[in-house]
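The chain contents come next:
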Amino acid sequence: MESDRRKYARIATSQVISFAQLDETDHRAVGRDISVGGIRFEAVGCEINLGEVLRLSFNLDGETVVAVGRVAWATELDPITLDVGIEFVEIDPRTARLLDEFADR
C-alpha cells in the first residue's frame, strides 16, 4: 500500500474565499481543499504568480479567519481559470487548531 505523501490531512471544501496581495483589494475564489499547511483554490480572471504572498480570508467553524500564504504552485485549468496552491506562512494558532480538529473528524 502506498503511503499518503501529504504532510497534512486535506479537508474538502467548496466555500467562497477571498484573497489579495497584501496591499491590494480582495478577489473572490472557490476553495477546493484546506489543511493546516495551506489551501487550494480556483481563481477566475486574475493573475497570480509563483512565490507571491497573499492575504486569505475564509470561514472556519462559523468564524472568518485571515491567513497569509505564499503561492507554491499555480496551474491553468482554462484560459481564465487558475488552480492555485498556497502554503501558509502566517496562521493564527487557534485557526491551526480548528483545522486540525476538522481533519480529525
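Structure: see above.
Residues numbered from 1 in each chain as written. Predicted model: local features only at pLDDT ≥ 70, side-chain atom pairs only at ≥ 80, totals over all residues. Heavy atoms only, no water.

## Considering the environment of Glu63
Step number 1: Structurally, the position occupied by Glu63 is in strand E6 (residues 63–78).
Step number 2: When its relative accessible area of 33% is taken as the criterion, Glu63 is described as partly exposed.
Step number 3: In the structure, Glu63 is positioned 32 residues away from Thr95 in sequence and 9.5 Å away in space, judged by C-alpha atoms.
Step number 4: Setting aside its immediate chain neighbours within four residues, Glu63 contacts Phe58 and Arg94.
Step number 5: Among the polar contacts made by the side chain of Glu63, one reaches the side chain of Arg94 at a distance of 2.8 Å. (Helix = DSSP H or I, 4+ residues; strand = E, 2+ residues; numbered from the N terminus. Buried < 20%, exposed > 50% of the residue type's maximum accessible area, 1.4 Å probe, protein only. Contact = heavy atoms within 4.5 Å. Polar contact = N/O pair within 3.5 Å; in protein donor to acceptor, adjacent residues only side chain to side chain.)

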